[in-house]
Each structure stands twice: as C-alpha cells, then as structure tokens.
Amino acid sequence: MASDKQRRGFSRRRFIQGAAAAAAASGSMLSSAARKEEDAEEKHGRRPPNDAPDTVLINGKIHTMDDEGTVVSAVSITDGRFAEVGHASRGRHGPNTKVIDLRGRTVVPGIIDNHNHIVLMGNRPGFHTPLENAYSIPDVQSIYAARAAGLPNRDAWITTIGGFHFNHIYGNPSDPLSGRFPTLQELDAAVPNNPVFMMISFTGPGATNSAGKAILERQGVAVASNGAIAGVGFGVTECSKALLYLRQTLLNAAERRRSVRDAMNYAVTVGVTTHLDQGAFQATNTAADGAAHEDNFTMHIPFLQVYAQDKAIIRLRINFLHMETDQATPELVQRLKNAFQFLGNDMVKTGAIGEFIAAGTSAASPFVAAAKRVAAAGWRAEVHSLGRRNTPASNPADFELEIMGFEAANGDSPGVVRERRWVIAHVPGITQEWIDRLQAIGGNLSLTGWQYLNGNPTASTVAPYAGPPFRMIVDSGKRPDGIHAGMSSDGMQIAPMNPWVHMYYATTGLNARKVLINPGQLISREEVLSLYTRQNGWFLREEDDLGTIESGKLADLVVLNSDYFAVPNEDLKKIRSVLTVVGGNVVYDGGVLDLRD
Ligand SMILES: [Zn+2]
C-alpha cells in the first residue's frame, strides 16, 4: 500500500515538472540552447531508462474529465499509470518509449459500467455474438457471416443470448417500425452450415436457422417454419428449453474461458474498460432458467482463471447477489462472515452485496433484516428499483421501501450508507421527494438507458414515462452535498453493453424505434460522459485510481472513431473505439492508428 501511495505521489510531482517542460517545449519559452540540450539528451538516450515513459500519446483531443474539464493534446504513461498530462507538441520520451500519434482523434477515459452482467456474458454457451450494434437484417447477416468464418468446425453454434432486441433490427432500414427477427432463410443465407440460435431478454422469443432447427427439434423444442422460437417473460418457454440444451451440451471449463475472453474482447471494442458485475439469478439447471440464470457460486471461476493466466484485458469488480425469502437470510449471513469485500487487485476484486440483498422489498420480505445485516457487517449494499409510485401512494413503490430500509439500516449502523456508498440502481420512477430522502443519508443512484431497447411511453401513466429522470437526478447532484449518480448499462440480457447507445438514450430520450419516450429528462453529452467516467470512479470507491485522465491514475483510455462531442445524435450509436488502453497496455487496436514504436 505504502509503496503504491509513494509511487503515485512521485508521479504527481513529475506531472508538475513534466507539464512545465511540455509547455516550454511546445512554445518559444525554452531557449534554443536548452532545446538543443533536450534534443541531444533524447537522441543519445542519456535520460535514465526508468525516467522515460513507456508510452506517449500525442496530437489528440484528450478529454481528461477532471474537475475543470481540461482537454489536452498529449499524455504519457509510466508503469501502467498516467504520468504527464499536458500539451507537449511531441512527448518527452526515451529510446524505448512507444509513441502513438492520435492524429487529432478524440480520447476519453476508459468507460466504467457500474452495473452490468458481464459474468453472465462470459458464461454463454456457444460462440455468443453480440447483435447490439446490428440495425438491419443485412447487419445481422454480415456479423454472423464474419463469426462463422472464424469458427473451429461445422458443429460450433453461433449464439446471441440477450443484449439486443428486434426493435432495432429493421426489416426495412428506412422504417424504424419494421423491427423483426431475421427469418430462417435469411439466417441460412449468412450461415449455411453452422447452427444458429438467437434470443432476446430473459426467455425469448428467438430464432434459428435450418441447421439449428433440425437439432433443436430433436430436443423437443418447437420451431416455426420461419425459424421463430417462442418465449416471453420468465419460466419455461421454447427458448429456455433450447438454452438449457445448449448449456448442458456446449459448456465446459475451457469453453467458458473462451467465452470470457470473447466477452472481454467485445467490451474493449466499445470502450468499456471497467465492469461492476451484479450477479445472476441462481441457476436451477432446469428449463425454468433464463438468460440471466447462472450458478452464483461457480460462474466467476472462468474469469478468475483468465485473470490468473494474465490474459484478462478488462477490470472486473464482483458483487454477490442474494435473493433469500427466509427472514433469517442464512446464506447472506454466511457470506458476510466468510467473504471479503474490496479484496483483490487493480484488475479484479470483490465488491458489495447486490444487485439483490433479499428476495423482494415488501414488508413481508427479509429486505429490511438483510439491509441491517449488511450494514452491521460494514458492507456495501446495492439494490435495484424498477417501480413507479402507486396509486394510492399509501401502497409504497419498491424504491420507497428500499429507501426506508436503507434508513432503518443506517439508523442501526449510523453513517454506513454514506461511508460505504450504498446504491439504488435503475430508478425509472423515483421522485424528487425520495431522491432527497436518499441524499439525506448519503445514498447514491445508478442510472441506465435500458429502456432504449423496448421501453415505450405507454408503459406508465405516470411521468416521467420510461425513465430514469436523468435531468432531475443530475440537477439534484449539483446542489450542495448533492446526490451522487453514475451510469450503467444493466447489460447483457435486457440491454446492450454498448455505452454509446445508453449515452444516446440519456441525451435524446429516443428509444430504438426513434420514439421520444423520456421527454423533459435529457442531459448533455458532457454530463452523461461524466457519469460514465469520473462519477463512476467515485461509485466504485476508486476515484483515486479510475475515471479521469490525471497524473497518477490508472492509464485506461479510449481513442474514438469520431468526435463524441460533435457528431449528430444518430451517429452517437456508431461510436466505437479505435484504440483501447488498460493499465497502459493496448488491449484493442482497430488498426487505424500507426502503432509502430
Ligand atoms: Zn442488473
């Protein structure tokens, strides 16, 4: 710990010296003699090797997301952390420094997703292939054809389990109301040999191709002649039967590790470098299991193996989900006694209890008892709310019950909510009155654009419709001691991981069909990017290490394919990384920058 702190202190001092040198080097302040000396020093490599940065990125529009919203043109990276952040026209470097010319591109801090389910994504059966960026049937066909070309053999399944919706796969690209699944014939055209299975949400509906249809029908799964497979909501469906078959026949330890690496490889293409995983519904290993079910006690193992092999390229924070109905919550009691929170390293560590601490929130549920136990153990609690105020309001909504439960726990263990940064996620229907109550005890809110995929304005008769009320919450945060909020995807079942889609929703209020469903609650691009970066560093209790591009912090950044701050709204959805750096290492190279040393 001490050496870490010392190193950071050293880096910050170096930053001040470095910034002065950089300012001098880019202007005319430096005497020509001094410049010659500096040039000579670099040419002859006289600078001690440990003084030269490992990597320098120059000529960028680097949005640091620091307190002042500073934009710089150059950063240097030493030992996995940012060193100099400034305006060097060409970075100070040594003979072994990798110099990356950004050629004017926009750079942001590595995106932090404070609530998602990447551990589920890394345990998918088959070659899970995200469709969250497909906007037409031809898009699906080209994504699948590319995936098929890389498969090991003709038996390998292409699967897409959640994270997308037919709402944004248009049959007719010029008509956003024509959303549908591809047909069996359209899937066959893209993938003639390998079996395909795709499904949305928790239990479908879904679709397959001819090869998949033949196999699934032999397992008793009903498949329509056009490839459609039925499913909706929770419980046993034709899709969940197919999913059980795929899990039982395709998953093994090696396949899970491969799936983990696929999930990580996808994450870095959309710039998400840190993920706070929120667990799964406990698997029953029956056809009642949906896309969000896994074994909460074993599903982290393939991830931990990939970290142990030093092949992990994203940062993972692990929450433990508990959904007991027993008032005594015996499993939670044992977790609190026998597990450790915030244990691990910069790449992977444990987190809180969440996104459930008990089954349900009603007075009959163990919610309050569980909250008090989590508080007494000094742990952090994260819960979610999907509800809106009821009529009559005497019948409390889930967020009201949760905030009252937090208040009770905080009463028993004074200050724990503020100190451990307890969270309520999603909150589509929260009101100002309840934001204020949560703020009073130091609670926090995690926001998400998950309604983008299938939200609609008729889902509620109570404003603000699809929610969450981004504007109300962000404005509440600007008051003195205002409530902290961060941003998340809640991917990978009911929502995409792609953060740019969530930023589109937060800033436009438009759903996948381009219908305005969250009017009056829009926030700016600057605001939502801040929620996804610096605010989320705070959310993870790692604001000294993550969330901004500042000297001494972990060197996570994303070079974008377009200027996030300037593109038209619809083009926000097309933003991708062209270069992702985690801890100073290039973990994704889209091939558009020249990375030669
Ligand atoms: Zn969730």
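No experiment lies behind these values; they were computed from the predicted model shown. Numbering of residues starts from 1 in each chain and follows the order in which that chain's sequence is written. For this predicted model, a pLDDT threshold of at least 70 governs which residues receive local features, and a threshold of 80 or more governs which side-chain atom pairs are given and counted, while totals over whole chains, interfaces and linings are taken from all residues. Side-chain numbers here rest on the full set of heavy atoms in the structure, without hydrogens or water.

**Student:** So what's going on with the pattern of salt bridges? Which residues, and what values?
**Tutor:** Pairing is possible between side chains of opposite charge, provided their charged atoms come close. Any Lys or Arg side-chain nitrogen found within 4 Å of a carboxyl oxygen on Asp or Glu counts as a salt bridge. Tallied over the entire structure, the rule returns 29 salt bridges. Residue Arg 534 pairs with Asp 67 through a salt bridge whose shortest N-O separation is 2.8 Å. Pair noted here: Arg 534 is in helix H19 (residues 534-539) and Asp 67 is in the loop between strand S2 (61-63) and strand S3 (71-72), with a separation of 467 residues, a long-range link. Exposure classes here rest on a 1.4 Å probe applied to the protein chains alone. A residue is buried below 20% of its type maximum, exposed above 50%, and partly exposed in between. On the basis of relative accessible area, Arg 534 is assigned to the partly exposed category, the value being 25%. Asp 67 sits in the exposed class, given a relative accessible area of 63%. A salt bridge links Glu 550 to Lys 553; the shortest N-O distance between them is 3.4 Å. Helix and strand assignments come from DSSP, with helices taken as H or I runs of at least 4 residues and strands as E runs of at least 2, each series counted from the N terminus.

**Student:** Help me get a handle on the side chain of Thr 64, residues and values and all.
**Tutor:** The residue Thr 64 is located in the loop between S2 and S3 in this model. Contacts: residue pairs with any heavy atoms within 4.5 Å of one another. The residues contacting Thr 64, other than those within four sequence positions of it, are Thr 70, Val 72, Val 85, Pro 109, Thr 548 and Ile 549.

**Student:** Describe the pairing of strand S11 (residues 196-199), naming the residues involved and giving the relevant values.
**Tutor:** Burial along S11 is two-sided: Val 196 and Met 198 facing one way and Phe 197 and Met 199 facing the other are all buried. By definition, the crossover connecting two strands over a helix is right-handed if that path, from the first strand to the second, turns clockwise as seen with the strands pointing away from the viewer. This β-α-β element, strand S10 (residues 158-161) to helix H5 (residues 184-190) to S11, shows right-handed connectivity. Strands qualify as paired when DSSP identifies two bridges or more between them. Sheet topology note: the S11/strand S12 (residues 206-208) ladder contains 3 bridges and is antiparallel. The partner of Phe 197 across the bridge, within S12, is Thr 208. A loop of 6 residues connects S11 with S12, the two strands running antiparallel in sequence, and Ser 201 in this loop sits at a positive phi of about 55 degrees.

**Student:** Before we move on, could you go through the coordination of the zinc ion and cite the residues and values that matter?
**Tutor:** Excluding water, the donors of a metal are its N, O and S neighbours within 2.8 Å, or within 3.2 Å for Na, K and Ca, and that exclusion means sites may look incomplete. Within the protein, His 115 (NE2), His 117 (NE2), Glu 355 (OE) and Asp 490 (OD) serve as the donor atoms for the zinc ion, at 2.1 to 2.3 Å. A four-donor site is classed as tetrahedral when every donor-metal-donor angle falls between 85 and 135 degrees; four donors are called square planar, and six octahedral, when trans pairs exceed 155 degrees and all remaining angles lie between 65 and 115, with any other arrangement labelled irregular. One can describe the site at the zinc ion as irregular: its 4 donor atoms subtend angles covering 82 to 168 degrees at the metal. Mapping the donors of the zinc ion onto the primary sequence yields the spacing H-x1-H-x237-E-x134-D. Of the two residues, His 115 sits in strand S8 (residues 111-116) while Glu 355 sits in the loop between strand S18 (348-353) and helix H11 (367-376), which places them 240 residues apart along the sequence. Like Glu 355, His 115 is buried.

**Student:** Describe the sheet that holds strand S22 (residues 484-488), naming the residues involved and giving the relevant values.
**Tutor:** Strand order in the open sheet formed by 4 strands is S19-S20-S21-S22, and the pairing between neighbours is parallel. A strand with exactly one partner marks an edge of an open sheet, and here the two such strands are strand S19 (382-385) and S22. The sheet shows a mean angle of 25 degrees between the axes of neighbouring strands, direction not considered. Relative to strand S20 (residues 423-426), S19 runs parallel, the two being bridged by 4 bridges. By the bridge assignment for S20, Ser 385 is matched with His 426. Angular values range over 0 to 180 degrees, each being the angle between N-to-C directions of two axes fitted as lines to C-alpha atoms, with helices fitted over their stretch in contact. Sheet strands in contact with helix H16 (residues 470-477) are strand S21 (444-448) and S22, and its direction is about 145 degrees off that of S21.

**Student:** Any details on the sheet that holds S18? Residues and values, ideally.
**Tutor:** With parallel pairing, 4 strands are arranged side by side in an open sheet as S8-S14-S17-S18. A strand with exactly one partner marks an edge of an open sheet, and here the two such strands are S8 and S18. Direction aside, neighbouring strands of the sheet carry axes that sit 20 degrees apart on average. As defined by bridge partners, strand S17 (residues 315-320) adjoins S18 across 4 bridges and the pair is classed as parallel. Opposite Phe 320, over in S18, you have Ile 353 as the bridge partner.

**Student:** Requested: an account of helix H8 (residues 253-269), with residues and values cited.
**Tutor:** Expected helix span is computed as 1.5 Å times (number of residues minus one). Given a rise of 1.5 Å per residue, 17 residues ought to cover 24 Å, and the 25 Å separating the end C-alpha atoms of H8 matches this to within 8%. When we look at burial in H8, the residues that qualify are Arg 258, Ser 259, Val 260, Ala 263, Met 264, Tyr 266, Ala 267 and Val 268. Throughout this description, a polar contact denotes any pair of N or O atoms lying within 3.5 Å of each other; where both atoms belong to protein, one of them has to be capable of donating a hydrogen while the other can accept it, and for residues adjacent in sequence the pair is counted only when both atoms sit in side chains. Capping of H8 at its N-terminal end is provided by Asn 252; its side-chain oxygen lies 3.1 Å from the backbone amide nitrogen of Ala 254. Positive backbone phi, approximately 85 degrees, marks Gly 271, located one or two places after H8.

**Student:** So, the packing of helix H17 (residues 499-508) against helix H18 (residues 525-532): which residues are in play, and what are the values?
**Tutor:** Axis separation between H17 and H18 bottoms out at 9 Å; the angle between their running directions is 135 degrees. By the angle between their directions, the pair H17 and H18 is classed as oblique. Where H17 crosses over H18, the handedness of that crossing is right-handed. Between H17 and H18, the residues in contact are Pro 499, His 502, Met 503, Ala 506 and Thr 507 and Arg 525, Val 528, Leu 529 and Tyr 532, respectively. Each residue gets one label: Ala, Val, Leu, Ile, Met, Phe, Trp, Tyr, Cys and Pro are nonpolar, Asp, Glu, Lys and Arg are charged, and the others, such as Gly, are polar. Residue composition of the contact of H17 with H18, by class: 6 nonpolar, 2 polar and 1 charged. With respect to orientation, any angle under 35 degrees is reported as roughly parallel, any angle over 145 as roughly antiparallel, any angle of 65 to 115 as roughly perpendicular, and every other angle as oblique. Helix crossings fall into two classes, left-handed where the near helix is turned counterclockwise from the far one by less than a right angle and right-handed where it is turned clockwise.

**Student:** Could you give me a rundown of the confidence of the model for the protein chain, with the residues and numbers involved?
**Tutor:** Averaged over the protein chain, the pLDDT score is 90; the fraction of residues at 70 or greater is 89%. A score from 0 to 100, pLDDT tells how confident the predictor is in each residue. Scored below 50 in pLDDT, residues 459-464 shows 9 contacts in the model against residues more than four places distant or in partner chains.

**Student:** Requested: an account of the environment of Ile 483, with residues and values cited.
**Tutor:** If you trace the backbone, Ile 483 turns up in the loop between H16 and S22. A sequence separation of 41 residues divides Ile 483 from Gly 442, and the C-alpha atoms of the two residues are 7.2 Å apart.

**Student:** Report on the pairing of strand S24 (residues 577-582), specifying residues and quantitative values.
**Tutor:** Burial of S24 is extensive: 6 of the 6 residues sit out of reach of the surface. Here strand S23 (residues 557-560) runs beside S24; their pairing, made up of 4 bridges, is antiparallel. Residue pairing in the sheet places Leu 560 in a bridge with Ser 577 of S24. As paired elements, S24 and strand S25 (residues 585-589) share 4 bridges and run antiparallel to each other. Opposite Thr 580, over in S25, you have Tyr 588 as the bridge partner. The hairpin turn running from S24 into S25, its antiparallel successor, is 2 residues long, and Gly 583 in that turn takes a positive phi close to 55 degrees.

**Student:** Describe the packing of helix H12 (residues 398-412) against helix H14 (residues 432-440), listing the residues and the values that go with them.
**Tutor:** Their axes nearest at 10 Å, the elements H12 and H14 cross at an angle of 20 degrees. As judged from the angle between their axes, H12 and H14 are roughly parallel. Considering the relative orientation of H12 and H14, their crossing is left-handed. Residue-level contacts link Phe 399, Glu 400, Ile 403, Met 404, Phe 406 and Glu 407 of H12 to Trp 434, Arg 437 and Leu 438 of H14. Looking at side-chain class alone, the contact of H12 with H14 contains 6 nonpolar, no polar and 3 charged residues.

**Student:** Hey, could you go over H11 for me, with residue numbers and the actual values?
**Tutor:** Among all positions of H11, only Phe 367, Ala 370, Ala 371, Val 374 and Ala 375 are buried. The buried residues of H11 occupy an angular sector of 135 degrees when the element is viewed end-on, so they sit on one face. Taken together, the buried residues of H11 touch helix H10 (330-338), S18, S19, H12 and helix H13 (416-420). A positive phi of about 75 degrees marks Gly 378, the residue just after H11. Directions from the helix axis toward the C-beta atoms define the arc.

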